[in-house]
Amino acid sequence: MDTFILLTVTGLALGALYFLIASGLSLIYGLMGVLNFAHGAFLTVGSYAAWWSSVKLQGTIGSIGLRFAVSVVIGLAVGAGVAALVELVLIRPLYLRHIEQVLVTVGLSFALVALVQAYWGPDLHTIDVPSWLNGTTGLGGAHVPNYNFVEILVAAGVLAGLLAFLRFTRYGLIIRAGVENRAMVTALGIDVKKAFTLVFAIGGVAAALAGVLAGIHFSEIDPTQGTSLLIFAFIVVVIGGLGSIVGSAVAAVVVGLVQQYVNYKSTGIGDLSVVLLLAITLLIRPGGLFGKWSPTH
Amino acid sequence: MEPDALRRHARLLLPIVVFGVLALVPQISVGTHGVFSSPLDSPGTLQLLGLMLCFGGIALSYDLLFGYTGLLSFGHALYVAVGVYLTAVATAKWGWGLAPTLLLTAVVGLVLPLILGAVSLRVSGIAFAMVTLAFAEAGSTLAQKNPRGWTGSEEGVSVNYDHLPSWMVGVFNTKYLYWIALGYLVAVFLIVNWAVDSSPGRVWQAIRENEQRVQVLGMRPFTHKLSAFVLASFLATGGGVVYVLLITRADPSVTTPSFTLALLLMVVIGGAGTRWGPVLGAALYTFLDHRLPDWSNSGFINDLPDALSKPLSQPLFVLGVLFILLVYFLPGGLVGLARLGPRRGGLETLEQAVEIGGTHGDVVEEEEVEARL
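The rules behind each value
Residues numbered from 1 in each chain as written. Chains lettered and ligands numbered in written order. Predicted model: local features only at pLDDT ≥ 70, side-chain atom pairs only at ≥ 80, totals over all residues. Helix = DSSP H or I, 4+ residues; strand = E, 2+ residues; numbered from the N terminus. Rg over C-alpha atoms; globule rule 2.2 N^0.38 Å. Buried ≥ 20, exposed ≤ 12 C-beta atoms within 10 Å, placed from the backbone. Contact = placed C-beta atoms within 7 Å. Nonpolar A, V, L, I, M, F, W, Y, C, P; charged D, E, K, R; others polar. Core = buried A, V, L, I, M, F, W, Y, C linked by C-beta atoms within 7 Å. Expected span 1.5 Å × (residues − 1). Pairing = 2+ DSSP bridges. Arc of directions from axis to C-beta. Axes fitted to C-alpha atoms, helices over the stretch in contact; angles between N-to-C directions. Parallel < 35°, antiparallel > 145°, perpendicular 65-115°, else oblique. Left-handed = near helix turned anticlockwise from the far one by under 90°.

**Student:** What exactly am I supposed to notice about the overall build of chain A here?
**Tutor:** Helix and strand content of chain A: 12 helices and 2 strands. The linear arrangement of helices and strands in chain A, starting from the amino end, is α-α-α-α-α-β-β-α-α-α-α-α-α-α. Its C-alpha radius of gyration of 19 Å places chain A within 12% of the 19 Å reference for a compact globule of 297 residues. Over its C-alpha atoms, taken along the principal directions, chain A stretches across nearly 55 × 50 × 35 Å. In chain A, which comprises 297 residues, the proportion classed as buried is 57%. Summarising the internal contacts of chain A: among those between residues at least 6 apart in sequence, 76% fall at separations of at least 24.

This is the structure in structure tokens:
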């Protein structure tokens, strides 16, 4: 029973990481039709910014808790900044040329990761965290590392925040309308391009958050971490249905749990079963769980 | 002669001349002035040249999907890996000879894409890209997982040359492997050119242009897309066999998404949907990928300040940036450079290669297309 609880919590935590990446991907795809391959690179850039600033601030800020908080904020800011910059400089000039936008993000995913590797090497680094994060909490007989709860809470907070933002703010309204019918929004005289930069920045923050949390979860960061997590985030996005935040959240929980349960039985098989899950979903519902497009599309 | 006849003759002659010269390379003993690390006919140089040719063929097979049929697959690496791993595992772990190994590889190389292609082609556009990526990831996991100790996880598995013909073995016989690679490239070149000119090949290109119209005309896009997928994957599997013979070891790097993305880079750098583009792009990519790290340790890159020399010594940084610049400024790829006159064949823009359906309605997509014109 205690193993089951441990697996459930860590599975949910893994799903939380996937959701943080997938939500940005899904939002960007829904609004702009861009599959952002550089999203994994945003994650890497964010986690490296957090790690690097934490190292640099070592002498300035004594308290580990405060230093961690400051470095996380810096990491998120860098993630948002890089993502917004990418949208403004690289994606915007190719407006509506979807395939070329995808190709640019592919090139970027190579270049950014190589750049991080060029300056900081291929080695693993560890982000300094307050010790309570790595401590454990007893839950029904299981000793669950605390960072799992943090990941789940953060992802739940992001989900609630995103839904509230989309539901109750003016920009949220524009984004929802843009996902529904971009041409109509533009025709009504609303500058939908500002919303593009905004969703990229939001995606960048969420990805950087995932980067920092993944750094704690796997107790290391390395330049290629983002790319490997990105693949599962893609799977989550397709299973959940492209463009649906709620779909991504549900799919992330399912994928995280399945992967964790099955991997416990035999390492690696969990990853395979997730792919199988994807194949089955596509055979039954090609549009994904919450998708709205027809299979012929 | 009429210009048309002239052009037709050039189309026939050029491959003969190019491949003829390439066939003679192992017999030419000249220095390479640092372009390669050693003289032209040395085993090291021949191996790199062989890799360039091998990737030329694999990139052509990828272009069959991407450039000609408009299918953006992110899982092509899987089918290369089938060739790579089956050859290594069959010779090393099962002690098989060349013929049964090739036979098994051919069968798997046909059946696997038939099954996986049928599933992934249920969706199109971006979803297809992601699904193929997921299947390739499953292959990658399998190679890492080391079932029955066959694939050797991270370490990989070395080809056992004991059961292979003696002329394939040893550093001094690298020239034979070079010729095998050349033979593979020529075969893929001929097959792809023949296929895209055949009547199903024309349907593939019609699907690339407008799938709905093909359907309305009473043809089944699914069957045609599947045939293109199987042919391209089969050719890639052949490339995997040649690749593993050249580098003597199968390791998980051939199963990664980066491997497929590298193929995409090669095709776009050279020029998607053209005869020579993928070959050129692949040769350039493979060359830079192998030579840039060497140059940066000695040549001019080393003299630059740290801030510049560090990124420049990363092949993937240089290639990624080059790729982005090409997408912006030369959408036709390197081959597009040679065609600054009136264009014939090939793709006007990459957008033509794949039309990706969004979550928007069809009417909106049509409007967008009109707005772009």
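**Student:** So what exactly am I meant to see when it comes to the overall build of chain B here?
**Tutor:** Across its full length, chain B carries 15 helices and 2 strands. Per-residue burial over chain B gives 48% buried out of 373 residues. Taking the contacts inside chain B whose residues are at least 6 apart along the sequence as the reference set, 73% of them involve residues at least 24 apart.

**Student:** Help me understand unusual backbone geometry in this model?
**Tutor:** Note: most residues except glycine have negative phi, and most peptide bonds are trans. Although it is not a glycine, S219 of chain A adopts a positive phi angle of roughly 50 degrees. One can find S219 of chain A in the loop between α9 (192-217) and α10 (225-240). Of note, T248 of chain B is a non-glycine position whose phi angle comes to about 65 degrees, a positive value.

**Student:** So what exactly am I meant to see when it comes to the interface of chain A and chain B here?
**Tutor:** Quoted interface sizes are often the accessible area lost when the parts come together. Of the residues lining the interface, 43 residues belong to chain A; the matching set on chain B comes to 46 residues. Among the secondary structure elements, those contributing two or more residues to the side of chain A that touches chain B are α4 (98-120), α8 (182-187), α10 and α12 (269-284) of chain A. Ranked by residue count, the leading element in the side of chain A that touches chain B is α4 of chain A, at 15 residues. Per-class residue counts for the side of chain A that touches chain B are 29 nonpolar, 9 polar and 5 charged.

**Student:** Would you take a moment to explain the nonpolar core for this structure?
**Tutor:** Soluble globular proteins: nonpolar side chains tend toward being buried together. Residue and element names in this part refer to chain A. In this structure, L17, Y18, L20, I21, A233, I235 and V236 are the most contacted members of the largest nonpolar core, which totals 210 residues. If one sorts the elements of this core by residue count, helix α1 (residues 2-32) sits on top with 18 residues. If we ignore the near neighbours within four places in the chain, the residues touching V236 are Y18, A22, S248, A251, A252 and V255.

**Student:** Would you mind showing me how to read α10 of chain A here?
**Tutor:** Owing to its 3.6 residues per turn, the α-helix brings residues three or four apart onto one side. Residues and elements named next belong to chain A. The end-to-end C-alpha distance of α10 is 23 Å, a good match for the 22 Å that 16 residues give at a rise of 1.5 Å each. A large share of α10 lies buried, amounting to 15 of its 16 residues. The first or second residue beyond α10 is G241, which carries a positive phi of 105 degrees.

**Student:** Help me out: how do you make sense of the pairing of strand β1 (residues 136-139) of chain A in this one?
**Tutor:** All names here are of chain A. When β1 meets strand β2 (residues 142-145), the two strands line up antiparallel, connected through 4 bridges. Of the residues in β2, the one forming a bridge with G138 is H143. Connecting β1 to the next strand, β2, in antiparallel fashion are 2 residues, including G140 with a positive phi near 55 degrees.

**Student:** Explanation requested: helix α7 (residues 170-180) of chain A in the structure shown.
**Tutor:** Residue and element names in this part refer to chain A. Taken together, the buried positions of α7 are occupied by I174, I175, G178 and V179. For α7, the angular spread of buried residues about the axis comes to 135 degrees, placing them on one side. Looking at the packing, one finds that the buried side of α7 touches α1, α6 (146-168), α8 and α9.

**Student:** Would you mind going over the packing of α10 of chain A against helix α11 (residues 245-265) of chain A with me for this structure?
**Tutor:** Packed helices, taken two at a time, are described by the angle between their axes plus the distance between the axes. Residue and element names in this part refer to chain A. One way to put it is that α10 packs onto α11 with a least axis distance of 8 Å and a crossing angle of 120 degrees. The angle between α10 and α11 falls in the class oblique. Along this stretch, α10 crosses α11, giving a crossing that reads as right-handed. Note on element contacts: α11 touches α10 through G247, S248, V250, A251, A252 and V255, opposite F232, I235, V236, V237, I239 and G240. Taken together, the residues that form the contact of α10 with α11 break down as 9 nonpolar, 3 polar and no charged.

**Student:** When you look at the environment of L166 of chain A in this model, what are you seeing that I'm missing?
**Tutor:** Residues and elements named next belong to chain A. With respect to the helices and strands, L166 occurs in helix α6. Owing to 17 C-beta atoms within 10 Å, L166 belongs among the partly exposed residues under this scheme. Sequence separation between L166 and R176 is 10 residues, and the spatial gap between their C-alpha atoms is 6.7 Å. Once residues within four sequence positions are removed from consideration, L166 is found in contact with G172, I175 and R176.

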